[in-house]
Amino acid sequence: AIKEFLAGRTDHPTADTVYTCLREQYPNISLGTVYRNLTLLTEMGEIMKITTDGGADRFDGNTNRHHHFICTRCHRVMDLDMPNIDEIMETAQKCCTGQIQNYVTHFYGICGDCIEKADASLQQKKILNFFQKTIDEPKKLCYFNISNHY
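The structure contained in this document is the topic of the report that follows. No experiment lies behind these values; they were computed from the predicted model shown.

### Brief notes about the pairing of strand E3 (residues 67-71)
Among the 5 residues in E3, 5 count as buried, and that is most of the element. Burial of the side chains of E3 extends over both faces: His 67, Phe 69 and Cys 71 are buried on one face and His 68 and Ile 70 on the other. In this structure, E3 lies alongside strand E4 (residues 77-80), joined through 4 bridges in antiparallel fashion. Opposite Phe 69, over in E4, you have Met 78 as the bridge partner. In this antiparallel pair of consecutive strands, E3 and E4, the connection spans 5 residues, and His 75 shows a positive phi of 65 degrees. Bridge count between E3 and strand E5 (residues 106-109): 4 bridges; the pairing is parallel. Each residue of the ladder has a partner; that of Cys 71, found in E5, is Gly 109.

### Some words on the nonpolar core
Ranked by internal contacts, the top residues of the largest apolar core, which has 13 residues, are Ile 2, Leu 6, Val 18, Val 34, Leu 38, Ile 47 and Phe 59. Breaking this core down by element, the ones donating at least two residues are helix H1 (2-7), helix H2 (15-25) and helix H3 (31-43). Each residue touching Ile 2, except ones within four places of it in the same chain, is listed here: Val 18, Leu 22, Val 34, Asn 37, Leu 38 and Leu 41.

### Here's the deal with the sheet that holds E4
Spatial ordering of the open sheet is given by E4-E3-E5, a layout of 3 strands whose pairing is mixed. Where the open sheet ends on each side, the last strands, each with one partner, are E4 and E5. Going from strand to strand, the sheet's axes swing by 30 degrees on average, the running direction of each strand aside.

### Brief notes about the packing of H2 against H3
Between H2 and H3, the least distance of the axes is 9 Å, while the angle of their chain directions is 125 degrees. Between H2 and H3, the crossing angle belongs to the class labelled oblique. The two elements H2 and H3 meet at a crossing, and its hand is right-handed. Judged by residue contacts, Ala 15, Asp 16, Val 18 and Tyr 19 of H2 engage Leu 31, Val 34, Tyr 35 and Leu 38 from H3. For the contact of H2 with H3, the class distribution of residues is 7 nonpolar, no polar and 1 charged.

### Considerations on unusual backbone geometry
Despite not being glycine, His 12 has its phi angle at roughly 55 degrees, a positive value. With respect to the secondary-structure elements, His 12 resides in the loop between H1 and H2. Assessed through its relative accessible area of 1%, His 12 is described here as buried. In this structure, His 75 is a non-glycine residue whose phi angle is positive, near 65 degrees. Judged by its relative accessible area of 17%, His 75 is buried.

### A closer look at the side chain of Asp 60
Mapped onto the elements of the fold, Asp 60 is located in strand E2 (residues 58-60). It turns out Asp 60 is buried and unbridged, and the closest side chain with the opposite charge, Arg 9, is 9.8 Å from it. A polar atom in the side chain of Asp 60 sits 3.2 Å from the side chain of His 12. Residues contacting Asp 60, with those up to four places away along its chain left out, are His 12, Ile 47, Met 48, Ile 50, His 66, His 68 and Asp 79.

What counts, and at which threshold
Each chain has its residues counted from 1, following the order in which its sequence is written. In keeping with the predicted nature of the model, local features appear solely for residues at pLDDT of at least 70, side-chain atom pairs appear and are counted solely at 80 or more, and the whole-chain, interface and lining totals rest on all residues. The basis for every side-chain value is the complete set of heavy atoms in the structure, and neither hydrogens nor water enter the calculation. Accessible area is worked out with a 1.4 Å probe on protein chains only. A residue is then buried under 20% of its type maximum, exposed over 50%, and partly exposed in between. Strands here mean DSSP runs of E at least two residues long; helices mean DSSP runs of H or I at least four residues long; both are numbered from the N terminus. Strands are labelled as partners when DSSP assigns at least two bridges between them. Think of a nonpolar core as a cluster: buried Ala, Val, Leu, Ile, Met, Phe, Trp, Tyr and Cys residues, connected wherever their side-chain atoms sit within 4.5 Å. Pairs of residues are marked as contacts when any of their non-hydrogen atoms sit within 4.5 Å. Axis definition: a line fit to C-alpha positions, over the contact stretch in the case of helices; interaxial angles, taken between N-to-C directions, run 0 to 180 degrees. Roughly parallel here means an angle under 35 degrees, roughly antiparallel means over 145, roughly perpendicular means 65 to 115, and every remaining angle is called oblique. By the definition used in this description, the sense in which the near helix is turned from the far one sets the handedness, with an anticlockwise turn below a right angle giving left-handed and a clockwise turn giving right-handed. Gly is put with the polar residues, along with every residue not named as nonpolar or charged; the nonpolar set is Ala, Val, Leu, Ile, Met, Phe, Trp, Tyr, Cys and Pro, and the charged set is Asp, Glu, Lys and Arg. His residues and chain termini do not enter the charge count, which takes Lys and Arg as positive and Asp and Glu as negative. What makes a salt bridge here is a side-chain nitrogen of Lys or Arg within 4 Å of a carboxyl oxygen of Asp or Glu, nothing more. As used in this structure description, the phrase polar contact means that two N or O atoms lie within 3.5 Å; if the pair is within protein, one of them must be able to donate a hydrogen and the other to accept it, and residues adjacent in sequence are counted only when both atoms belong to side chains.

And the structure:
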């Protein structure tokens, strides 16, 4: 059930997400069972485990060679649809006395959603700073002398 669940997803869920979703179909399943099966499926090469710095491990049902983008803020993992970069194996092989058989590539950065949130937050800060200055310095913005008009 876990392998089929992951095969139908591209969002690279955490073990907790797998557990929560599968529990709807299998109410007696335990979190420990999910963790044990994810570990077993990973060791068998049936699924991939993706470790994110500071975030929970994610799981991918797609075991074909492909690359991921990992957001360093929200730890979201996304598949990258990009040209083949297998020539990197040849480059690495020139530096290695062993036989390279595979590689994994992860790209790290800030995802579009986090950039949008940061931009919105920055815009809010600018607006708040403007209004704070208006409150702190009301005489500079609103003062004029009416005594000369009599």
